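# Architecture at a glance
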Amino acid sequence: MSFKLNGKQVDVLVEPRELLIHSLREKLQHTGPHIGCETSHCGACTVDLNGMSVKSCTVLTVQCQDAEVLTIEGFEQGGALHALQEGFTQEHGLQCGYCTPGMITRAYRLLKENPKPSEEEIRYWMAGNLCRCTGYQNIVKAVQYAAKKLSPASA
Amino acid sequence: MIPREFEYHAPRSLPEAIALLKQYGDDAKPLAGGHSLLPMMKMRFAEPAHLVDLGRLPELKGIREVGNALHIGAMTTENELIWSPLVQKKCPLLVEGARLIADPQVRYKGTIGGDIAHGDPANDHPALMLALGASFVLKGSGGERVVPADGFFLGTYSTALKPGEILTEIRVPVPAAGTGWCYAKLKRKTGDFATAAAAVLLRMKGETVQEVSIALTNAGATALKARKAEDSLRGKALNDTAMAEAARLVMTICEPTADQRGDVEYKTAMTGEMTHRALRAARARATH
């Protein structure tokens with residue numbers, strides 16, 4: 001299979017039954033997306049696939065021919081953290097950090113679709129990602145921080 | 001969790017997909033959004049030898065208004081339904097239902113056609129389709145047929161789809177202007193299936209019920225149309241007594257399966273309660 005991973009063309013040889021999360025972690029050495037529940041509930045394996053947030057434990061790699069895939073490894077640019085990474089740091093949006101790559105990748109697509117989400121919208125559209133540490137308050141704040149930083153008015 | 005070995009096919013046209021399904025017969029399964037089938041394959045509850053991916057067929061995408069109906073391509077995702085200005089305007093019940101399905105990531109992949117064709121009474125579209133009086137376009141090597149939603153669902157994971165047939169389009173009659181609607185769903189958490197849910201469409205004439213449609217999710221082996229409850233309301237004033245009687249009649253047809261979401265008695269009571277709430281909300285939204 002050939003697809004774009006964080007802007008770079010990659011090729012990977014897979015069996016049809018191989019799930020995207022395993023190709024990313026075990027063959028392409030992208031261990032940012034995590035394996036949490038393996039049953040498409042927790043969102044730790046969330047990646048951006050052709051402009052959609054998807055759970056990479058429930059996508060076959062063979063479905064990704066010619067796709068564009070974005071993982072947490074693609075967020076930092078030239079040594080500078082993405083606004084979402086900065087937001088999660090500044091607002092203490094994580095404790096153990098296991099859910100964070102999925103949270104940030106999901107929030108990235110949410111802010112692309114809705115640059116100024118209300119708190120309610122953030123909670124509704126982030127509901128596919130579970131965090132067992134933070135109680136979500138600071139995750140919401142981190143997304144709000146990034147939304148503010150990314151808005152044209154603050155530039 | 002890894003599925004059992006299978007061969008993967010990615011047809012580029014509908015005739016090619018139909019030919020593949022015919023060729024491999026019972027050994028093949030069509031793959032839509034994959035958020036029911038792939039989890040079942042990972043658990044080894046499903047072990048198809050051939051997977052025919054419908055994801056690259058442009059014929060199965062898109063939402064069009066044709067006459068007084070919406071024609072929805074079977075591979076339209078839940079998020080596409082939610083974000084469609086046409087569906088928002090013409091059929092808000094479908095948007096309300098789709099918003100309560102699974103979670104955001106699943107809604108990017110999960111499709112209306114897959115949700116229906118899977119035949120799971122816990123899925124939400126079957127009851128929505130029954131309430132809306134929708135019909136389904138089924139295509140196979142023998143041609144095309146259009147079947148009503150009412151009668152399509154035969155049992156758990158069993159539908160009127162014949163081997164080799166593909167559900168290609170969902171046709172939803174646009175409810176008349178002024179129709180009230182509600183999909184009331186009780187679930188333990190985001191992403192869970194319904195403990196109980198009821199879909200209601202309601203047309204009022206003054207304080208009297210002119211037409212009403214009620215369908216239930218996860219209350220039996222298939223989604224259920226609550227005909228007796230509907231009959232009890234037509235031509236009547238929609239007061240609390242009438243709604244309570246309709247909820248009672250709904251409960252008489254419930255045969256839910258006990259599981260971690262509750263026992264039979266609880267789920268039956270909750271189906272009555274969801275019906276009551278859906279009727280109340282639909283009444284508030286209907287033009288009187």
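Numbers given to residues run from 1 along each chain, matching the order in which its sequence is written. Think of it this way: whatever chain is written first is A, whatever ligand is written first is 1, and the rest follow in order. Confidence filtering applies because this is a predicted model: local features only for residues at pLDDT of at least 70, side-chain atom pairs given and counted only at 80 or more, and all residues used for totals across whole chains, interfaces and linings.

## Focus: the overall build of chain B
- Put simply, DSSP H or I for four residues or longer makes a helix, DSSP E for two residues or longer makes a strand, and each gets a number counted from the N terminus. Broken down by element type, chain B carries eleven helices and 14 strands.
- On C-alpha atoms alone, chain B measures out to a radius of gyration of 19 Å, which is about the 19 Å that the 2.2 N^0.38 rule sets for 288 residues.
- In terms of its C-alpha atoms, chain B occupies a principal-axis envelope of roughly 55 × 45 × 30 Å.
- Of all 288 residues assigned to chain B, the portion counted as buried reaches 52%.
- For every residue pair, C-beta atoms are placed from the backbone, and the pair is scored as a contact if these atoms sit within 7 Å. Partitioning the intrachain contacts of chain B with sequence separation of at least 6 by distance along the chain shows that 64% fall at a separation of at least 24. Two things to know: the radius of gyration comes from C-alpha atoms, and the globule rule equals 2.2 Å times the number of residues to the power 0.38. Here the C-beta atoms are placed from the backbone, and a residue counts as buried if at least 20 other C-beta atoms lie within 10 Å of its own, exposed if 12 or fewer do, and partly exposed otherwise.

## Side note on the sheet that holds strand 4 (residues 63–66) of chain B
Residue and element names in this part refer to chain B.
- Strands were regarded as paired on the criterion that DSSP finds at least two bridges between them. What the five strands build is an open sheet, ordered 4-5-10-6-7; its pairing is antiparallel. Only two strands of the sheet have a single partner each, and these edge strands are strand 4 and strand 7 (143–148). Averaged over neighbouring strand pairs, the angle between their axes works out to 25 degrees when direction is ignored.
- Here four bridges tie strand 4 to strand 5 (residues 69–73), and the two strands are oriented antiparallel to one another. Bridge assignment links isoleucine 63 to a residue of strand 5, and that residue is isoleucine 72. Comment: axis = line fitted to C-alpha atoms, over the contacting stretch for helices; angle = value between 0 and 180 degrees taken between N-to-C directions.

## Concerning the domain arrangement of chain B
- We note that the domain assignment places domain 1 (7–50), domain 2 (62–172) and domain 3 (180–285) within chain B.
- Summarising the inter-unit geometry, the C-alpha centres of domain 1 of chain B and domain 3 of chain B are found 35 Å apart. As used throughout, domain bounds are those supplied by an automatic or database domain assignment.

## Focus: helix 3 (residues 100–113) of chain A
All names here are of chain A.
- Each residue after the first adds 1.5 Å to the expected span of a helix. With 14 residues, helix 3 extends 20 Å between its outermost C-alpha atoms, agreeing within 8% with the 20 Å of an ideal straight helix rising 1.5 Å per residue.
- Burial analysis of helix 3 places twelve of its 14 residues in the buried class, the great majority of the element.
- Tucked into the core, helix 3 has its buried residues touching strand 3 (46–49), strand 4 (52–55), strand 5 (68–70), helix 2 (83–90), helix 4 (119–125) and helix 5 (137–150).

## Remarks on the pairing of strand 3 of chain A
All names here are of chain A.
- Residues Thr46 and Asp48 point to one face of strand 3 and Val47 and Leu49 to the other, with burial holding for every one of them.
- Hairpin geometry of strand 3 and strand 4 is characterised by an intervening segment of two residues between the two adjacent antiparallel strands and by a positive phi of about 50 degrees at asparagine 50.
- Two strands pair when backbone bridges link them, and strand 3 and strand 5 are joined in this way by two bridges, in the antiparallel orientation. Pairing of aspartate 48 across the sheet is with leucine 70, part of strand 5.

## As for the domain arrangement of chain A
Residues and elements named next belong to chain A.
- Per the domain assignment, the segments making up chain A are domain 1 (2–74) and domain 2 (83–154).
- Its C-alpha centre places domain 1 at a distance of 21 Å from the equivalent point of domain 2.
- With 15 residues of domain 1 at the interface, the matching set in domain 2 holds twelve residues.
- When residues in the side of domain 1 that touches domain 2 are grouped by element, the largest group, three residues, is from strand 3.
- Note that Gly is not counted as nonpolar here; it falls among the polar residues with everything else outside the nonpolar set of Ala, Val, Leu, Ile, Met, Phe, Trp, Tyr, Cys and Pro and the charged set of Asp, Glu, Lys and Arg. Split by residue class, the side of domain 1 that touches domain 2 holds seven nonpolar, seven polar and one charged.

## Some thoughts on the interface of chain B and chain A
- Counting from both sides, the interface comprises 21 residues of chain B and, opposite them, 19 residues of chain A.
- Going through the elements one at a time, strand 1 (7–9), helix 2 (37–42) and helix 6 (104–109) of chain B are the ones with two or more residues in the side of chain B that touches chain A.
- With five residues, the single largest contributor to the side of chain B that touches chain A is helix 6 of chain B.

## Digging into the pairing of strand 12 (residues 196–205) of chain B
All names here are of chain B.
- Within strand 12, eight of the ten residues are buried, which leaves it mostly tucked inside the rest of the structure.
- Relative to strand 12, strand 11 (residues 180–186) runs antiparallel, the two sharing seven bridges. Along strand 12, the bridge assignment pairs glycine 180 with leucine 202.
- Both strand 12 and strand 13 (residues 208–217) contribute to a ladder of nine bridges, which runs antiparallel. Across the sheet, the residue bridging to lysine 205 is threonine 208, located in strand 13.
- Connecting the antiparallel pair strand 12 and strand 13 is a turn made up of two residues, with glycine 206 showing a positive phi of about 65 degrees.

## Quick word on the sheet that holds strand 4 of chain A
All names here are of chain A.
- If you trace the five strands from one edge of the open sheet to the other, you get 2-1-5-3-4, paired in mixed fashion. Among the strands making up the open sheet, the edge pair consists of strand 2 (8–11) and strand 4. Neighbour-to-neighbour, the strand axes of this sheet turn through a mean angle of 40 degrees, independent of strand direction.
- Where strand 1 (residues 2–5) meets strand 2, four bridges bridge the pair, whose relative direction is antiparallel.

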